[in-house]
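Chain residues, written in single-letter form:
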Amino acid sequence: MNIVSDEKPSIAISKLKHATEGKLKVVGVLSFTSECMCCAFNQQGQLLAVGLSNGLIKIYSIENNSYVYSLQEHSTTLPVTCLKWKPDKSAMTYGYILMATYASGECKIWHVTTSKCLHTYTDNQQLLVCAYNGSGNKAIAGGSDGIINVYDVTTNQKILRMQPSTNSDIMDGHVMRVFSVQYHPYDNHVFVSGGWDDTVQWWDTRISDKHSIKKISGPHICGEAIDIEPNTLKMVAASWRKFENLQVFDFGTGKLIKDTPLKFNQSMLYCAQWKDSETILSGGSHGNMMQCTHFSSFETVSKLTNLYGAVYSIDNNRVGLHPIVAVCSDKNVYLIESTS
């Protein structure tokens, strides 16, 4: 197991007491002096971006087992809340573009290989989450006031504000914090969002009134807890609560497909992601663990446990049959891999 620390390791190697259950192994641990808030692998799965509570973004190379870039402007000291790499087929020749949101209300576009900030969008709310559409020409960001901004990445302009109408009889938008946004895998105009108001909202940027077009009630979203499986369009939603904390819906209809069985563990979930069409990764607090759940049986097949803090973010690099999974907990990022 490799352990890589920044300049001032926050936790001695001997104090790392994590444990694994099932066919899972820890292949590396990245330690920092500030809390790890979010993480994201690039498209090729070789670079991992980690956003910290002090506003710093560290870029780690899986191949070199070392940090290769650091991204931070002197004025940015509030937490990094979300990281998303731009989908770009020309990335190998141009460089890697990374979008980051901050609790300061900033959304920054970084050119990673030169460590330069290309553009900063600002808002009068804490920005908590962001996403690119499949083409990488539009992006969205949401946060503390429930409004979702739409950006034209090619012109660096904020072009839309998606929000509820003034009609109190219908809830066609969010009325509380937004913690998760996810574009449809193949539609550049349609996305879903979720947050504290116990709804998942569907949006279409082509609709003239800019309110949501559909919603379901139930999921209590407190992190990047919505993900759409691209082959089947099954949508997982993880909730920060002890019961009905992991659910799967049909994206097209919003119909509930799978609900949490009573015997399922009662960890309160912040994040969830499809590893493949049959495996769901999730993590949270009140148990401080990451778990792999088989979709068909809803049985937990493996776990990373005994972590010092809640799991706020997870991402897998989508390389091969046994992708590396990054798990953010406290001041560490655990790199884990399936053994079968």
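Residues numbered from 1 in each chain as written. Predicted model: local features only at pLDDT ≥ 70, side-chain atom pairs only at ≥ 80, totals over all residues. Heavy atoms only, no water.

Visitor: How do you make sense of the pattern of salt bridges when you look at a structure like this?
Guide: If charged atoms from side chains of opposite charge come close, those side chains can pair. Within the structure shown, the criterion is met by eight salt bridges. The shortest N-O distance in the salt bridge between K108 and E73 comes to 2.6 Å. Taken together, the positions of K108 in strand β10 (residues 106–111) and E73 in the loop between β7 (66–71) and β8 (80–85) put the pair 35 residues apart, joining distant regions of the chain. Relative accessible area serves as the criterion here: at 30%, E73 is assigned to the partly exposed category. We note a salt bridge from D123 to K158, for which the minimum N-O separation is 4.0 Å. Here K158 lies in strand β15 (residues 157–162) and D123 lies in the loop between β11 (116–122) and β12 (127–132), a separation of 35 residues in the sequence. By relative accessible area, which is 14% here, D123 ends up buried. Judged by relative accessible area, which is 33%, K158 ranks as partly exposed. The network of salt bridges with shared partners includes E73, E106 and K108. (Salt bridge = Lys/Arg side-chain N within 4 Å of Asp/Glu carboxyl O. Helix = DSSP H or I, 4+ residues; strand = E, 2+ residues; numbered from the N terminus. Buried < 20%, exposed > 50% of the residue type's maximum accessible area, 1.4 Å probe, protein only.)

Visitor: So what exactly am I meant to see when it comes to the packing of aromatic side chains here?
Guide: For any pair of aromatic rings, the description consists of the separation of the ring centres together with the inter-plane angle of the planes. In the structure shown here, the tally under the stated rule is eleven aromatic pairs. Ring plane angle 50° and centroid distance 5.9 Å describe the contact between W202 and F251, whose orientation is recorded as tilted. You can see W202 sitting in strand β18 (residues 199–204) and its partner F251 sitting in the loop between β22 (246–250) and β23 (256–258), a full 49 residues away along the chain. Judged by relative accessible area, F251 falls into the buried class, the value being 5%. An aromatic cluster is built from F32, Y60 and Y67, whose rings are joined through pairwise contacts. If you follow K58 out to its NZ or CZ, it ends over the ring of Y67, 4.8 Å from the centre. One Lys or Arg, K214, reaches over the ring of W202 and ends 4.7 Å from the middle of that ring. (Phe/Tyr/Trp six-rings, centres within 6.5 Å; stacked < 30°, edge-to-face > 60°. Lys NZ or Arg CZ within 6 Å of the ring centre and 35° of its normal.)

Visitor: Can you help me understand the state of the cysteines in this one?
Guide: Under the counting rule described, the total for this entry stands at zero disulfides. C39 carries a free sulfur, and the closest cysteine sulfur to it, the one in C328, is 3.5 Å from it. A residue is classified by how much of its surface remains accessible, and C39, at 4% relative accessible area, is buried. (Disulfide = S-S within 2.5 Å.)

Visitor: Where do I start with the sheet that holds strand β4 (residues 36–41) in this structure?
Guide: Backbone-to-backbone hydrogen bonds pair the strands of a sheet. The strands run either parallel or antiparallel. Taken together, the four strands give an open sheet; going across it, the order is β4-β5-β6-β7, and neighbouring strands pair in antiparallel fashion. The open sheet has two free edges, formed respectively by β4 and β7, since each of these has just one partner strand. The average undirected angle you get between the axes of adjacent strands in this sheet is 25°. Bridge analysis of β4 against strand β5 (residues 47–52) gives five bridges, and the strand direction is antiparallel. Note that in β5 the partner of C39 across the bridge is V50. (Pairing = 2+ DSSP bridges. Axes fitted to C-alpha atoms, helices over the stretch in contact; angles between N-to-C directions.)

Visitor: Even after reading the chapter, I still don't get the UniProt feature "repeat: WD" (unreviewed entry) in the protein, so can you show me in this structure?
Guide: In the numbering used here, UniProt assigns the "repeat: WD" (unreviewed entry) feature to residues 171–206. Strand forms 50% of residues 171–206 and helix 0%; the C-alpha atoms that close the span are 19 Å apart. (UniProt positions renumbered as here; feature names shortened; annotations may be inferred.)

Visitor: Which parts of the structure should I look at to understand the sheet that holds strand β27 (residues 300–305)?
Guide: With antiparallel pairing, the five strands of this open sheet are ordered in space as β2-β27-β26-β25-β24. If you trace the sheet from one side to the other, it starts and ends with β2 (19–21) and β24 (268–276), each paired once. Averaged over all pairs of adjacent strands, the angle between their axes in this sheet comes to 15°, without regard to strand direction. Inspection of the sheet shows strand β26 (residues 289–294) paired to β27 by four bridges, in the antiparallel sense. Within β27, the residue paired with C292 across the bridge is S302.

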